[in-house]
Amino acid sequence: MEDLIKIAANIIDRAYAPYSKFKVASIVKTKSGKIYTGVNIENASYGLTICAERVAVFKAVSEGDRDIDTVIIYTDTDEPTPPCGACRQVIAEFNPNALIVMASRKKVITQRLSELLPNVFSLKPPQ
């Protein structure tokens, strides 16, 4: 996990965040062991902004790799930042129990997506 967090820390400067100044990097690891990177990309029309997590998930899915295992979110802050609600829902589409690793300069918190997003919106009925 440390290696993946380092990769995310190394790509955070690729983020395009001229409006919020809040850069985020994400890594998606699939069950096949492949990794996909993402950074947040803002837009002057702020609703068109996309989070790092969704960039990484969409890259994996566009490559035909839908079995998401782990999502790492790195912010260059003291405290880790959890994924937003939209990102939680997108991740849940591909694994409602994915491991979510929230990392910062000083701390790492790990939770299952099912803890962060109980009662996920899904075509599958609740258990």
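Residues numbered from 1 in each chain as written. Predicted model: local features only at pLDDT ≥ 70, side-chain atom pairs only at ≥ 80, totals over all residues. Heavy atoms only, no water.

Per an unreviewed UniProt entry, the recorded name for the protein is cytidine deaminase, and the organism is Pyrobaculum aerophilum. The UniProt entry for the protein carries the following comment under Cofactor (unreviewed entry): "Zn(2+)". Under the UniProt heading Function (unreviewed entry), the note attached to the protein is "This enzyme scavenges exogenous and endogenous cytidine and 2'-deoxycytidine for UMP synthesis." (UniProt positions renumbered as here; feature names shortened; annotations may be inferred.)

Student: Please give an account of the nonpolar core that cites residues and values.
Tutor: Soluble, globular proteins show a tendency: their nonpolar side chains are buried together. One finds Val 28, Val 71, Ile 91 and Ile 100 to be the most contacted residues of the largest nonpolar core, which totals 18 residues. Elements that contribute at least two residues to this core include exactly β1 (24-30), α2 (52-62), β3 (68-75), α3 (85-94), β4 (99-103) and α4 (113-116). Per element, the largest residue contribution to this core is four residues, and it comes from α2. In this view, Val 28 contacts Lys 34, Ile 35, Tyr 36, Ala 56, Val 57, Ala 60, Ile 68, Thr 70 and Val 71; residues no more than four positions away in its chain are not counted. Membership of the second largest hydrophobic core comes to 14 residues, among which are Ala 8, Ile 11, Ala 25 and Ile 27. (Core = buried A, V, L, I, M, F, W, Y, C linked by side-chain atoms within 4.5 Å. Buried < 20%, exposed > 50% of the residue type's maximum accessible area, 1.4 Å probe, protein only. Helix = DSSP H or I, 4+ residues; strand = E, 2+ residues; numbered from the N terminus. Contact = heavy atoms within 4.5 Å.)

Student: Requested: an account of α2, with residues and values cited.
Tutor: Looking only at α2, the buried set comprises Ala 52, Glu 53, Arg 54, Val 55, Ala 56, Val 57 and Ala 60. For α2, the elements touching its buried residues are β1, β2 (35-39), β3 and α3. Where α2 ends, the next residue or the one after it, Gly 64, has phi of about 85 degrees, a positive value.

Student: Explain the pairing of β2 to me, using residue names and the numbers behind them.
Tutor: In the case of a regular strand, side chains alternate between the two sheet surfaces. Within β2, four of the five residues are buried, leaving the element largely enclosed by the surrounding structure. Two successive antiparallel strands, β1 and β2, enclose a turn made up of four residues, where Gly 33 displays a positive phi of approximately 95 degrees. (Pairing = 2+ DSSP bridges.)

Student: Lay out the UniProt feature "active site" (unreviewed entry) in the protein in plain terms, naming residues and giving numbers.
Tutor: The sites that UniProt annotates as "active site" (unreviewed entry) are Glu 53. With respect to the helices and strands, Glu 53 occurs in helix α2. Looking at Glu 53, the relative accessible area reads 5%, which means it is buried. Apart from the residues lying within four places of it in its own chain, the contact partners of Glu 53 are Val 24, Ser 26, Val 71, Ile 73, Pro 83, Cys 84 and Cys 87.

Student: Could you give an account of the sheet that holds strand β5 (residues 108-112), naming the residues involved and the relevant values?
Tutor: Spatial strand order, β2-β1-β3-β4-β5: five strands in an open sheet with mixed pairing. The open sheet has two edge strands with one neighbour each: β2 and β5. Averaged over all pairs of adjacent strands, the angle between their axes in this sheet comes to 15 degrees, without regard to strand direction. One ladder, built from five bridges, connects β4 with β5; its direction is antiparallel. Its bridge partner being in β5, Ala 103 is matched across the sheet by Val 108. Along the sheet, α2 makes contact with β1, β2 and β3, crossing β2 at roughly 145 degrees. (Axes fitted to C-alpha atoms, helices over the stretch in contact; angles between N-to-C directions.)

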